[in-house]
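# Observations on chain architecture
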Amino acid sequence: MRLIDSHGHVNADRFDDDLDLVLGDARRAGVERILVPGWNVRSSERALDVVADRPWLDAAVGNHPHDAAKIDEAGWSMIEAWARDERVVAIGETGLDSDRMFSPWDAQLENLRRNLALSLATGKPAILHCRSRAGERDAQDALVAELRAAGFDGEAARAAFGNRPPAVIHSFSGPVDYAETVIAMGLAVSFSGLVFRRGEETSSEVASLVPPERLLVETDAPFLSPPGAPRGRNAPEFVTITARWAADRRGIGEDALEAFGVGLVAAYDATFPRSLPR
Ligand SMILES: [Zn+2]
């Protein structure tokens, strides 16, 4: 089965010692593309290092809500310069997190706005992390409001992206009507091993709602191991488990898995077009 990992942090320190082995395992599992997102200045730079000389990998640069209060102007100048690099196909990851609140809410909002502005300026989709406390939806509602305020459902997004998704909801989590809203706005939705956790049952329904050309799967490695992957460190090869889950939710049988994988690669390429040859 052909596969993609739309969000794998192989730029994390935990892959430093055996990165080529990890990537080899991913290739053998069928993974043909990995998007490697930064979460702060240092990891964004490392994402560029990791994708250099590995043309089947793509980078994203940006600043995560957890790091919203830690970045300074010098850091932003670097991210804004890297964002124009041909190896960078998306901006992020960014977003909002009211669950863990590692940065104050106002700093998260300001950080999100800056990432969204960079996304519109470069025409590279924003990668959006969004988590609320269990049973709540404040972060999701705030994210939709911010996307609207930044023009992601209107003229600004059409001018920057044409018919392409202007953003990706990474590691989907949230209520069904929130999913319907972001799908109606033209966003892509990516599912991770989070879908297997208690409290994330809505994902099963949402997986059948996303149009095929905007449906993505990911690992968020080294985090969010699905059942069957090592608890300690998730890796891109295990995206197979989540891809099979998504196929199952969409009523796709064993005999159609191959075509489903082809569709995942096509959705990735449509969402993250790149000028460099693979
Ligand atoms: Zn991530």
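Let us look at the structure shown here. (Residues numbered from 1 in each chain as written. Predicted model: local features only at pLDDT ≥ 70, side-chain atom pairs only at ≥ 80, totals over all residues. Heavy atoms only, no water.)

## A word on the overall build of the protein
Counting its secondary structure elements, the protein contains 10 helices and eight strands. Principal-axis analysis of the C-alpha atoms gives the protein an extent of 50 × 40 × 35 Å. Looking at the 278 residues of the protein, the share that counts as buried comes to 58%. Of the contacts made within the protein by residues no fewer than 6 positions apart, 75% connect residues no fewer than 24 positions apart. Both charge centroids of the protein, one from 31 positive and one from 43 negative side chains, sit 2 Å from each other. (Helix = DSSP H or I, 4+ residues; strand = E, 2+ residues; numbered from the N terminus. Buried < 20%, exposed > 50% of the residue type's maximum accessible area, 1.4 Å probe, protein only. Contact = heavy atoms within 4.5 Å. Lys, Arg positive; Asp, Glu negative; His and termini not counted. Charge placed at Lys NZ, Arg CZ, Asp CG, Glu CD.)

## Some details on the packing of aromatic side chains
As enumerated under the stated definition, the model contains six aromatic pairs in all. An angle of 55° between the planes, with centres 5.6 Å apart, marks the rings of Phe-191 and Trp-245 as tilted. Separated by 54 residues along the polypeptide, Phe-191 in strand β7 (residues 188-191) and Trp-245 in helix α9 (residues 239-249) bring together distant segments of the chain. Each member of the pair Phe-191 and Trp-245 is classed as buried. Measuring from ring centre to ring centre gives 5.0 Å for Tyr-268 and Phe-272, while their planes differ by 65°; the resulting arrangement is edge-to-face. Each member of the pair, Tyr-268 as well as Phe-272, is classed as buried. One aromatic cluster in this structure is built from Phe-172, Tyr-178, Phe-191, Phe-196 and Trp-245. The residue whose ring lies beneath Arg-27 is Trp-56, and the NZ or CZ to ring-centre distance is 4.5 Å. (Phe/Tyr/Trp six-rings, centres within 6.5 Å; stacked < 30°, edge-to-face > 60°. Lys NZ or Arg CZ within 6 Å of the ring centre and 35° of its normal.)

## Structural notes on the coordination of the zinc ion
Each protein donor to the zinc ion is listed here as His-7 (NE2), His-9 (NE2), Glu-93 (OE) and Asp-220 (OD); together their distances run 2.0 to 2.3 Å. One can describe the site at the zinc ion as irregular: its four donor atoms subtend angles covering 87 to 179° at the metal. Linear spacing of the donor residues for the zinc ion on their chain is H-x1-H-x83-E-x126-D. With His-9 in the loop between β1 (3-5) and α1 (19-28) and Glu-93 in strand β4 (residues 88-97), the pair connects residues that are 84 residues apart, well separated along the chain. (Donors = N, O, S within 2.8 Å, 3.2 Å for Na, K, Ca; no water. Tetrahedral: all angles 85-135°; square planar, octahedral: opposite > 155°, others 65-115°.)

## Concerning the sheet that holds strand β8 (residues 215-217)
Strand order in the open sheet made by the eight strands is β1-β2-β3-β4-β5-β6-β7-β8, with parallel pairing throughout. In this open sheet, the two strands that pair with only one neighbour each are β1 and β8. Here the strands of the sheet are splayed against their neighbours by 25° on average, with no regard to which way each runs. Pairing between β4 and strand β5 (residues 126-131): five bridges, direction parallel. Within β5, the position partnered with Thr-94 by the bridge is Leu-128. (Pairing = 2+ DSSP bridges. Axes fitted to C-alpha atoms, helices over the stretch in contact; angles between N-to-C directions.)

## Quick word on the side chain of Thr-94
Relative to the assigned elements, Thr-94 resides in strand β4. On the basis of relative accessibility, which here comes to 0%, the residue Thr-94 falls in the buried class. Side-chain polar atoms of Thr-94 contact the side chain of Asn-115, separated by 3.1 Å. (Polar contact = N/O pair within 3.5 Å; in protein donor to acceptor, adjacent residues only side chain to side chain.)

## Side note on the pairing of strand β2 (residues 31-37)
Of all the seven residues making up β2, six are buried; the element is thus mostly covered by neighbouring parts of the structure. For the crossover that starts at β1, traverses α1 and ends in the parallel β2, the hand is right-handed. Across four bridges, β2 lies against strand β3 (residues 57-61) in parallel orientation. Paired with Ile-34 across the strands is Leu-57, a residue of β3. Traced from β2 through helix α2 (residues 41-51) to β3, the parallel crossover comes out right-handed. (Right-handed = clockwise from strand over helix to strand, strands pointing away.)

## Describing the environment of Leu-264
With respect to the helices and strands, Leu-264 occurs in helix α10 (residues 257-271). Note: C-alpha distance between Leu-264 and Leu-216 (48 residues apart in sequence) is 6.2 Å. Excluding its chain neighbours within four sequence positions, the residues that come into contact with Leu-264 are Leu-3, Ile-4, Leu-215, Val-217 and Ala-243.

## Overview of the environment of Pro-166
Looking at where Pro-166 falls in the secondary structure, it is placed in the loop between α6 (155-161) and β6 (167-169). Looking at Pro-166, the relative accessible area reads 4%, which means it is buried. With residues near it in sequence (within four places) discarded, Pro-166 still touches Ser-119, Pro-125, Ala-126, Phe-152, Ala-157, Phe-161, Gly-186 and Leu-187.

## Side note on the pattern of salt bridges
Opposite charge on two side chains makes pairing possible when the charged atoms of those side chains draw close. This model, assessed by the stated rule, comprises 22 salt bridges. In this structure, the salt-bridge partner of Asp-58 is Arg-278, at a minimum N-O distance of 2.9 Å. Taken together, the positions of Asp-58 in strand β3 and Arg-278 in the segment after α10 put the pair 220 residues apart, joining distant regions of the chain. (Salt bridge = Lys/Arg side-chain N within 4 Å of Asp/Glu carboxyl O.)

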